[in-house]
2 protein chains.
Amino acid sequence: MSGFHVALLVQKFGGSSLATSERIRIVAERIHDSLSQGDRVALVVSAMGDTTDDLIAAAQRLASRPNSRELDFLLSTGELVSAALTSMALHELGRDAVALSGPQAGIRTNGRYGRARITEIEPTRIRAELEAGRVPVMAGFQGLGPGGDIVTLARGTSDTSAVALAVALGVDRCEIYTDVDGIFTADPRIVPDARKLDLVIYDEMLEMAKLGARVMHPRAVEIAEHFGMPVVVRSSFSDAPGTEIVAESAVPIETMQRVRAVAHDTDVARVTIRGVSDRPGLAHALFQPLADRHINIDVIVQNVSDGGVTDLSFTIAETDLDATLDLIRPVAAEIGARDVAASTELGKVSIVGVGIQSTPGIASRMFGALAADGINIVSITTSEIRLTCLVDKAQVARATELLHDEFDLSAADAV
Amino acid sequence: MSGFHVALLVQKFGGSSLATSERIRIVAERIHDSLSQGDRVALVVSAMGDTTDDLIAAAQRLASRPNSRELDFLLSTGELVSAALTSMALHELGRDAVALSGPQAGIRTNGRYGRARITEIEPTRIRAELEAGRVPVMAGFQGLGPGGDIVTLARGTSDTSAVALAVALGVDRCEIYTDVDGIFTADPRIVPDARKLDLVIYDEMLEMAKLGARVMHPRAVEIAEHFGMPVVVRSSFSDAPGTEIVAESAVPIETMQRVRAVAHDTDVARVTIRGVSDRPGLAHALFQPLADRHINIDVIVQNVSDGGVTDLSFTIAETDLDATLDLIRPVAAEIGARDVAASTELGKVSIVGVGIQSTPGIASRMFGALAADGINIVSITTSEIRLTCLVDKAQVARATELLHDEFDLSAADAV
């Protein structure tokens, strides 16, 4: 970065970065430093700490199923509070700042309460504030809904607000501030010598996010990739440079076709529908109700057995298990299945890296390393850039360590 | 009230009525009962309990003098939260309700951050919600400011929002729900046999409010009087009918020209500017800076002494004393005064009742009752419907009891 280049940035600060007055002050000082270097900055903020959970709890004390319009009205206040306080902290440092709600900032949505999607950003107000030398502080997680109402976006999507705003403003990059130093080769709590990656390709990030490394929301990564917006994930508590998330074309060829990270996920449950007649439309009948409730299905295995009667297994997030069983049991009864069984004893371990599927020898090294340590692989799924083994939940941590060693991920990257 | 009359009401619930989930539930049940009787209701709500103070404290942790626009943005969230929760509690009882911010409800203001005044109410949205059979739940204490921003009204003015909305909608009456049963002949904590009044005249209420019986904001009373809007003050925790605040013409003649209540106020400080030359423009020079800061001045006494040099005393709220001295001392020095002294040892006791000033014998009974008990009267001020004595702060409670007895206020009213 040239010393004379004035960058226009979007910086997003998550709830843990803003959990207390003291943390808000630290965030304000960091922004103050960016501004002192001549950068122009637009901010997106999440609600402070556990505010959103606290508001949901307050709603649930009053209503078993809170009305969705009213719940959005309530939850939107969490981000308004943190936007106002962050703006005040900037004023205290002599910076002119202006807190804006999602609707004020021009975030238009499809108006679906509780899980709205951004349809358009009209950044007139934010541009005007930037041009007037002010720092716009936009409340994330919200936008304009029907009849001028406020709606909230799907949970965890202040990242999405930030990336979408970055695209709409055409900024140089979008910085996601969080409570970790960046993206690691594995979860450092499991693999102590896990190494922070300087560069990650969008597709790799997407696989890691979906596999439980919830540093950034997958939809935010998708939007960044679609529009080629460079994203940096970094800590709001340190000056470490973080991890840059970039297009494949921006990465040297040497870093490709090799394993880049080991991801794991213990939020896994398996549902098995036993003794069902294998006929066309079976999967549709079973899975459509889950899709309607936004429950993601993963790793479907169907064992063809005698006389056209089969067992069908699939995995879901363990947190979706109760809802899944409620939806699946009536359908299973209707199609004449023998019974429905659930297991929460499995977990996933994955290796991730652009091009690994087409690289000979990687899969066999993975299976070999696990087998050598007596870890049984229940099933395997793959994508272009990922190999996932379903193993015993109790062995997930050990498997993660083994694979991190096997692919030598603590050694410095080629980049 | 006829059994067949369907009333349109505005009901306002204060912060203490909404301090917890349980209280919000009780409020919702009360509204549910009103609706079951066929009434149509529009609600105005304050922030829950101490929310506003908590938000101010959070702001002050980050900024010595929070930016006024950002502070309004922050404080407005308190009423948004209580509006959403109250609406949800109504939904839970099967009532369709809709939380609205001040701007959504059509509250237009003069845009002065922190102490905006309502300039206009455009109740289109509220009317539409009522006509659709829904209960509009409006966030009090806020309205539309410059550039689509949210501004807060002067503190304590959710009452004002409620009365102004009642006028704009042309409702049958405005009900102010609070944590007391109504307006009493004296503060029941000081005078145990103080009696709840069934009817109070606007002007009496205004004097009582200004004298510290902060059941309802004076400006709300003024607006109600100006538009002849009947107001009922009642408890959200009991079924007692409360106190109706009405025009003089609505009160039987027998209740007039007699003492109706004893009000007291210990939030009093006296400032004396000593040794100042008495010349034209003196009071203006001294008091204009206080007026600019919205500090109310009461009971001005000027002793003309030898050689045109005088002492000038005035009383203010004790809570304004520091600010007053900061403003007054430079001016006093500039005009050559000898010094400025302050005392916080005085308080006020007042008798209130329409027509008492023109009723012979009342003033002398007041002074006599106090003198008989050895209470020294420092100074006396009067209005059409009020007689106020400045006495030793330590004697305020005793003076209140004496006057309540002297005018036999625990005996049932003529109405």
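Every value quoted in this text rests on a predicted model; they were computed, and no experiment measured them.

Peer 1: Whenever I open this one, the interface of chain B and chain A confuses me. Can you help?
Peer 2: How big an interface is tends to be expressed through the accessible area that disappears when the partners come together. Contact residues are listed per partner, giving 39 residues for chain B and 39 residues for chain A. Here chain B packs against chain A, burying approximately 3,000 Å² in sum over the two surfaces, 62% of which is carbon and sulfur. In terms of surface lost to chain A, no three residues of chain B exceed B:Leu62, B:Phe73 and B:Met88, which account for 25% of the buried area on that side. Between B:Arg125 and A:Asp149 there is a salt bridge, with its nearest N and O atoms 3.5 Å apart. In this assembly, chain B and chain A are joined by 18 residue pairs in polar contact (both at pLDDT 80 or more). Of all the secondary structure elements, the ones that give two or more residues to the side of chain B that touches chain A are α1 (21–36), α2 (51–62), α3 (68–92) and β3 (97–100) of chain B. In terms of residue count, α3(B) provides more of the side of chain B that touches chain A than any other element does, 16 residues in total.

Peer 1: What's the story with the sheet that holds strand β19 (residues 379–383) of chain A in this structure? I'm lost.
Peer 2: By way of backbone hydrogen bonds, the strands of a sheet pair with one another, either parallel or antiparallel. Residues and elements named next belong to chain A. Strand order in the open sheet formed by four strands is β13-β18-β20-β19, and the pairing between neighbours is antiparallel. The sheet terminates laterally at β13 (261–265) and β19, the two strands that pair on one side only. Neighbour to neighbour, the strand axes of the sheet diverge by 20 degrees on average, direction disregarded. In the sheet, β13 pairs with strand β18 (residues 346–352) via five bridges, with the strands oriented antiparallel. Bridge assignment links Val262 to a residue of β18, and that residue is Ile351. Packing of helix α10 (residues 362–372) onto the sheet brings it into contact with β18, β19 and β20 (386–392), and relative to β20 it is tilted by some 15 degrees. Sheet contacts for helix α11 (residues 396–406): β13, β18 and β20; angle to β18, the most-contacted strand, approximately 15 degrees.

Peer 1: Which parts of the structure should I look at to understand the sheet that holds strand β13 (residues 261–265) of chain B?
Peer 2: Residues and elements named next belong to chain B. The strand order across the open sheet built from four strands is β13-β18-β20-β19, with neighbouring strands paired in antiparallel fashion. The strands lining the two open edges of the sheet, one partner per strand, are β13 and β19 (379–383). With direction set aside, neighbouring strand axes in the sheet form an average angle of 20 degrees. Lying on the sheet, helix α10 (residues 362–372) is in contact with β18 (346–352), β19 and β20 (386–392); it crosses β20 at an angle near 15 degrees. Helix-sheet contacts for helix α11 (residues 396–406) involve β13, β18 and β20, and the interaxial angle to β18 is about 15 degrees.

Peer 1: What's the story with the packing of aromatic side chains in this structure? I'm lost.
Peer 2: Any aromatic ring pair is given by two values, namely how distant the centres are and how the planes are angled relative to each other. Residue and element names in this part refer to chain A. All told, the structure shown has four aromatic pairs over all chains when counted by the stated rule. Residues Phe13 and Tyr177 carry aromatic rings whose centres are separated by 4.5 Å and whose planes lie at 10 degrees to one another, so their mutual orientation is stacked. You can see Phe13 sitting in strand β1 (residues 8–13) and its partner Tyr177 sitting in strand β9 (residues 173–178), a full 164 residues away along the chain. For the pair Phe287 and Phe314, a centre-to-centre distance of 5.0 Å together with 85 degrees between the ring planes defines the contact as edge-to-face. Of this pair, Phe287 sits in helix α8 (residues 282–292) while Phe314 sits in strand β16 (residues 309–316), and the two are 27 residues apart along the sequence. Using a relative accessible area of 0% as the deciding quantity, one classes Phe314 as buried.

What counts, and where the lines are drawn
- Residues numbered from 1 in each chain as written.
- Chains lettered and ligands numbered in written order.
- Predicted model: local features only at pLDDT ≥ 70, side-chain atom pairs only at ≥ 80, totals over all residues.
- Heavy atoms only, no water.
- Contact = heavy atoms within 4.5 Å.
- Buried area = accessible area lost by both parts, 1.4 Å probe.
- Salt bridge = Lys/Arg side-chain N within 4 Å of Asp/Glu carboxyl O.
- Polar contact = N/O pair within 3.5 Å; in protein donor to acceptor, adjacent residues only side chain to side chain.
- Helix = DSSP H or I, 4+ residues; strand = E, 2+ residues; numbered from the N terminus.
- Pairing = 2+ DSSP bridges.
- Axes fitted to C-alpha atoms, helices over the stretch in contact; angles between N-to-C directions.
- Phe/Tyr/Trp six-rings, centres within 6.5 Å; stacked < 30°, edge-to-face > 60°.
- Buried < 20%, exposed > 50% of the residue type's maximum accessible area, 1.4 Å probe, protein only.

Any link to function would need more than the numbers given here.
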